[in-house]
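Listed here are the chains, written in short residue letters.
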Amino acid sequence: MDTEQALKIQWCDVRGRLCVKRLLGGPAPSLSLRIPGTAAMWFGTATDAEPQRLAVDGDGLHAAAYAERHDVCAVATGGGDFGLRLADFGGTLAGVFDEQVRHLGAMPSPVRGTADLAHALRGGTNVLMLDDQPLVLGMTGARLALNAELFEKCAKACVLAMAAGGRIKPLPWIVRHVANGRLMKDEQRARLRTLAGLLPQETKGY
């Protein structure tokens, strides 16, 4: 089986996993996987049984994300109950968990439309709020699924704390700096592989 067909099967697997865990909610949830070595991606909505093969350099949100971030080979819009609810509490998460800052990076301010998307993604983040919906990125489909699950867990903790009037204390800056530095190195390696027409390697633990 070639890479393209393997990614089509993976798209179905990732969509199923996210739907079972209710992480593709919202008004217009969608999922795509870039096909390295081609100018295409597998794209579909949360209700599609199979994806469509679309141009990766076309119009739309997914194409805009891939154009800005060559390390990214998977994009999802929509989220779980708490990820969507984050829009009511400022639309950002402070870096309070080790795994969060290691794999999701620093979450930028919410954006509207795709006009400011490129600027928001330049810091290497793997999650942001776009038009009140989570936009989650991953170097691979498997990493995207893990990032979506991680984001929902972090959003749940922070939304419940903020709703109760609790104080959220970020990790020390040095911890965030080191973790983000490791994420940037992972993304640089993924970028080089994608530009060479190869799938990024799966990331290891912390």
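See the structure above.
In this text the structure is predicted, and so the values were computed from the model without any measurement. (Residues numbered from 1 in each chain as written. Predicted model: local features only at pLDDT ≥ 70, side-chain atom pairs only at ≥ 80, totals over all residues. Heavy atoms only, no water.)

A short note on the pairing of strand β1 (residues 25-35)
Then, in step 1: Judged from the 5 bridges that link them, β1 and strand β4 (residues 74-79) form a sheet pairing that is antiparallel. Within β4, the residue paired with Leu33 across the bridge is Ala74.
Then, in step 2: The pairing of β1 with strand β2 (residues 40-45) spans 6 bridges and is classified as antiparallel. For Ile35, the partnering residue across the bridge sits in β2 and is Ala40.
Then, in step 3: Taking the residues that link successive antiparallel strands as the turn, the β1-β2 hairpin has 4 residues, and the phi of Gly37 there is positive, at about 85°. (Pairing = 2+ DSSP bridges. Helix = DSSP H or I, 4+ residues; strand = E, 2+ residues; numbered from the N terminus.)

A closer look at the environment of Ala55
Then, in step 1: Mapping Ala55 onto the fold places it in strand β3 (residues 52-55).
Then, in step 2: Between the C-alpha atom of Ala55 and that of Pro110, which follows or precedes it by 55 residues, the distance is 27 Å.
Then, in step 3: Apart from the residues lying within four places of it in its own chain, the contact partners of Ala55 are Ala39, Ala40 and Met41. (Contact = heavy atoms within 4.5 Å.)

A closer look at the packing of helix α1 (residues 3-20) against helix α6 (residues 141-163)
Then, in step 1: Look at α1 against α6: their axes get within 10 Å of each other, and the N-to-C directions meet at 10°. Viewed along their axes, α1 and α6 adopt a mutual orientation that is roughly parallel. Residue-level inspection shows Gln10, Val14, Arg17 and Leu18 of α1 in contact with α6, the latter providing Gly141, Ala142, Leu144, Ala145, Leu146, Ala148 and Glu149.
Then, in step 2: Residues that form the contact of α1 with α6 fall into these classes: 7 nonpolar, 2 polar and 2 charged. (Axes fitted to C-alpha atoms, helices over the stretch in contact; angles between N-to-C directions. Parallel < 35°, antiparallel > 145°, perpendicular 65-115°, else oblique. Nonpolar A, V, L, I, M, F, W, Y, C, P; charged D, E, K, R; others polar.)

Section: the sheet that holds β4
Then, in step 1: In spatial order, the strands read β3-β2-β1-β4-β6-β5; together these 6 strands make up an open sheet with antiparallel pairing. Because the sheet does not close on itself, it has two edges, and the strands there are β3 and β5 (127-130). For this sheet the average axis-to-axis angle between neighbouring strands, irrespective of direction, equals 25°.
Then, in step 2: Pairing of β4 with strand β6 (residues 133-138) involves 4 bridges; the strand directions are antiparallel. Within β6, the position partnered with Thr77 by the bridge is Leu135.
Then, in step 3: Together, β1, β2 and β3 form the strand contacts of α1, whose direction differs from that of β1 by roughly 160°.

A short note on the pattern of salt bridges
Then, in step 1: Within the structure shown, the criterion is met by 12 salt bridges.
Then, in step 2: Between Arg85 and Asp88 there is a salt bridge whose closest N-O contact spans 2.9 Å.
Then, in step 3: By relative accessible area, which is 46% here, Arg85 ends up partly exposed.
Then, in step 4: Through salt bridges that share partners, Arg69, Asp71, Glu187 and Arg191 make up one connected network. (Salt bridge = Lys/Arg side-chain N within 4 Å of Asp/Glu carboxyl O. Buried < 20%, exposed > 50% of the residue type's maximum accessible area, 1.4 Å probe, protein only.)

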